[in-house]
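Single-letter residue listing:
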Amino acid sequence: MGIEDYGGGQTSQADVLVVTTNDVPGHQVTQVIGEVFGLTVRSRHLGSQIGAGLKSMIGGELKGLTKTLVETRNQAMERLVDQARGANAVLMMRFDVSEAADVGTEVCAYGTAAVISPS
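Because the structure is predicted, anything quoted here is derived from the model rather than measured.

1. Observations regarding the environment of valine 24
Working step 1: Position of valine 24 relative to the elements: it lies in the loop between β1 (17-18) and β2 (27-42).
Working step 2: Its relative accessible area of 12% is what places valine 24 among the buried residues.
Working step 3: A C-alpha to C-alpha distance of 8.3 Å links valine 24 and leucine 91, two positions 67 residues apart in sequence.
Working step 4: If near-sequence neighbours (up to four positions away) are discounted, valine 24 is found in contact with Leu17, Val19, Leu91 and Ile116.

Shown next, in the form of structure tokens:
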């Protein structure tokens, strides 16, 4: 696995700009559409869980789990963008991660859908 397997984020051709800031420099918010979120719950298969358990006893990064979490965050972000309802930006995007009933990891990407235009 290369380092590219452990990253995420948007492509430069994205239709909806997703930022973690309140605003976008050089742009003004012309309409606030409202809160949007993308949610997914993932679990690892038994073999991966056993391997991760063994690896955790000797220490080091759990690369399989890291890759799964990156994929999960990317899926949550894609769902967030799908829910943007006519917005061209999502402001104040955040991730919330929690355990889901001891069977998986829940990842929620959330933010404020808005229409922005150059100022």
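2. Side note on the pairing of strand β3 (residues 89-100)
Working step 1: The sheet contact formed by β1 and β3 spans 2 bridges and is parallel. When the bridges of β3 are listed, leucine 17 appears paired with alanine 89.
Working step 2: For β3 and strand β4 (residues 104-118), the ladder comprises 10 bridges, and the chain directions are antiparallel. In the sheet register, phenylalanine 95 faces β4, and the bridge partner there is alanine 109.
Working step 3: In this antiparallel pair of consecutive strands, β3 and β4, the connection spans 3 residues, and alanine 101 shows a positive phi of 50°.

3. Let's talk about the nonpolar core
Working step 1: By size, the foremost hydrophobic cluster in this structure holds 13 residues, and its most contacted members are Val18, Val36, Leu80, Ala84, Val90, Met93 and Ala109.
Working step 2: Look past the residues within four positions of leucine 80 in its chain and what remains in contact with it is Val18, Val36, Phe37, Gly38, Val90, Met93, Ala109, Tyr110 and Gly111.
Working step 3: Within the second largest apolar cluster, 6 residues are counted, among which are Val19, Val24, Ala114 and Ile116.

4. What about the sheet that holds β3?
Each strand in a sheet pairs with its neighbour through backbone hydrogen bonds, running either in the same direction (parallel) or in the opposite one (antiparallel).
Working step 1: Strand order in the open sheet formed by 4 strands is β1-β3-β4-β2, with mixed pairing between adjacent strands. Whereas interior strands pair on both sides, the edge strands pair on one side only; in this sheet they are β1 and β2.
Working step 2: Contacting β1, β2, β3 and β4, helix α2 (residues 63-82) runs over the sheet at an angle of about 135° to β2.

5. So, the packing of aromatic side chains
Working step 1: Taken as a whole and judged by the stated rule, the model has 0 aromatic pairs.
Working step 2: One Lys or Arg, arginine 73, reaches over the ring of phenylalanine 95 and ends 3.9 Å from the middle of that ring.

Thresholds, definitions, all that
- Residues numbered from 1 in each chain as written.
- Predicted model: local features only at pLDDT ≥ 70, side-chain atom pairs only at ≥ 80, totals over all residues.
- Heavy atoms only, no water.
- Helix = DSSP H or I, 4+ residues; strand = E, 2+ residues; numbered from the N terminus.
- Buried < 20%, exposed > 50% of the residue type's maximum accessible area, 1.4 Å probe, protein only.
- Contact = heavy atoms within 4.5 Å.
- Pairing = 2+ DSSP bridges.
- Core = buried A, V, L, I, M, F, W, Y, C linked by side-chain atoms within 4.5 Å.
- Axes fitted to C-alpha atoms, helices over the stretch in contact; angles between N-to-C directions.
- Phe/Tyr/Trp six-rings, centres within 6.5 Å; stacked < 30°, edge-to-face > 60°.
- Lys NZ or Arg CZ within 6 Å of the ring centre and 35° of its normal.

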